[in-house]
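So you can see what is in the structure, the chains are spelled out below.
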Amino acid sequence: MSSGFIKAKDGTDIFYKDWGPKNAQPIMFHHGWPLSSDDWDAQMLFFLGEGYRVVAHDRRGHGRSSQADNGNDMDHYAADASAVVEHLDLRNTVHIGHSTGGGEVARYVAKFGQPQARVAKAVLVSAVPPLMLKTAANPGGTPITVFDGFRKALADNRAQFFLDVASGPFYGFNRPHEKVSQGIITNWWRQGMMGGAVAHYEGIKAFSETDQTEDLKAISVPVLVMQGDDDQIVPYAAAAMLQAKLLKNATLKIYKGFPHGMPTTHADVINPDLLAFVRR
């Protein structure tokens, strides 16, 4: 089947897509908050055209998966991804994660992918590890007041909040030099509103307060770290730059002027770079 559902250990239904030749090398995509596997359309179509098997799933509480009111944390996110991998028996897989999905990839590879010898490489795109939150040990992080503001905006008017994020900092559409795409904004809003408010609310804690330093240190497979230096959601100095230092086998690419959502706005640049890394 090209799509379907699997049940996580706690009974949560996880939606997945599985396109392309089943004997080809798999590439599995992990989406950001509060989106769905649809956010990877540009990459999945590209790699499908290159002959790869492409897989993506909707995180619990997101997209078409169950609107779970529990397990909205990085451990469950990684375990759910592993359940999809095991159900499809994916091996020699390249895992690509954007934003919160990058955190999911880091936890999955460290806890499941490597121990099960199922992962070949990984890519972290504008990803949240090692830790977004500003703490005494992480002075370059983002203050808790910012994330509290996210929670308040979501609880007060989730639909408007999602519209504001998509039309502003996520894609850099608040920059005077950026060409605004209403289609991209509407698609981001559509994906966000498909998911559940509880999962999205609790997901803010998951992506901002989960310390993944040890996950990064545990990863030995080759990892491509990609981020734009105009990322207004996840500051690159506290993310990509630290990831490259903590990983054993990292390749770092910083893109001048690119926004957080660069896989969508700059797919013409990002896709060939991903392909070169996968083929290397």
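Criteria and thresholds
Residues numbered from 1 in each chain as written. Predicted model: local features only at pLDDT ≥ 70, side-chain atom pairs only at ≥ 80, totals over all residues. Heavy atoms only, no water. Axes fitted to C-alpha atoms, helices over the stretch in contact; angles between N-to-C directions. Helix = DSSP H or I, 4+ residues; strand = E, 2+ residues; numbered from the N terminus. Parallel < 35°, antiparallel > 145°, perpendicular 65-115°, else oblique. Left-handed = near helix turned anticlockwise from the far one by under 90°. Contact = heavy atoms within 4.5 Å. Nonpolar A, V, L, I, M, F, W, Y, C, P; charged D, E, K, R; others polar. Phe/Tyr/Trp six-rings, centres within 6.5 Å; stacked < 30°, edge-to-face > 60°. Buried < 20%, exposed > 50% of the residue type's maximum accessible area, 1.4 Å probe, protein only. Patch = residues over 30% accessible without salt bridge, like charges linked within 9 Å, V, L, I, M, F, W, Y side chains within 5 Å. Areas by Shrake-Rupley, 256 points an atom, 1.4 Å probe, with all protein chains shown as cover. Salt bridge = Lys/Arg side-chain N within 4 Å of Asp/Glu carboxyl O. Core = buried A, V, L, I, M, F, W, Y, C linked by side-chain atoms within 4.5 Å. Pairing = 2+ DSSP bridges.

*Asks:* Tell me about the packing of helix α1 (residues 41-49) against helix α10 (residues 267-279), residues and numbers included.
*Replies:* Following both chains from N to C, one finds α1 and α10 inclined at 50°, their axes separated by 10 Å at the closest point. In terms of their interaxial angle, α1 and α10 are classed as oblique. In this structure, the crossing between α1 and α10 has a hand that is right-handed. Residue-level contacts link A42, Q43, F46 and F47 of α1 to A267, N271, P272, L274, L275 and V278 of α10. The residue makeup of the contact of α1 with α10, split by class, is 8 nonpolar, 2 polar and no charged.

*Asks:* So, the packing of aromatic side chains: which residues are in play, and what are the values?
*Replies:* Counted according to the given criterion, the structure contains 18 aromatic pairs. With centroids separated by 6.4 Å and ring planes inclined at 55°, the aromatic side chains of W33 and F161 adopt a geometry described as tilted. In this pair, W33 sits in the loop between β3 (26-30) and α1 while F161 sits in helix α4 (residues 144-167), placing the two residues 128 residues apart along the sequence. On the basis of relative accessible area, W33 is assigned to the buried category, the value being 8%. Between F147 and F207, the ring centres sit 6.2 Å apart and the planes meet at 75°, which makes this aromatic pair edge-to-face. Of this pair, F147 sits in helix α4 while F207 is found in helix α6 (residues 197-209), placing the two residues 60 residues apart along the sequence. Here F147 matches F207 in class, with each residue buried. Three or more aromatic residues link up through ring pairs in this structure, and these residues are W33, F147, F150, F161, F162, F170, Y171, F173, W188 and F207.

*Asks:* Go over a nonpolar patch on the surface, please, and point to the residues and values.
*Replies:* Where nonpolar side chains cluster on the molecular surface, the patch consists of M241, L252 and I254 and spans about 210 Å² of accessible area. Residue classification places M241 among the partly exposed residues on the basis of a relative accessible area of 31%.

*Asks:* Describe the nonpolar core, listing the residues and the values that go with them.
*Replies:* Where a protein is soluble and globular, its nonpolar side chains tend to be buried together. Among the nonpolar cores identified, the biggest contains 28 residues, and M28, V84, V109, L124, I219, V223 and L247 are the most heavily contacted of them. Elements represented by at least two residues in this core include exactly β2 (13-19), α2 (74-88), α3 (100-113), β6 (119-125) and β7 (223-228). Each residue touching V223, except ones within four places of it in the same chain, is listed here: A122, L124, L247, N249, A250, T251 and F277.

*Asks:* Explain the pairing of strand β5 (residues 93-98) to me, using residue names and the numbers behind them.
*Replies:* Burial analysis of β5 places 6 of its 6 residues in the buried class, which makes it a mostly covered element. Side chains T93, H95 and G97 of β5 all project onto a buried face; the interleaved residues V94, I96 and H98 project onto the opposite face, where all are buried too. Relative to β5, β3 is paired through 4 bridges, and the arrangement is parallel. Paired with H30 across the two strands is G97, which belongs to β5. Two elements, β5 and β6, share 6 bridges in a ladder whose sense is parallel. Directly across from H98, in β6, lies its bridge partner V125.

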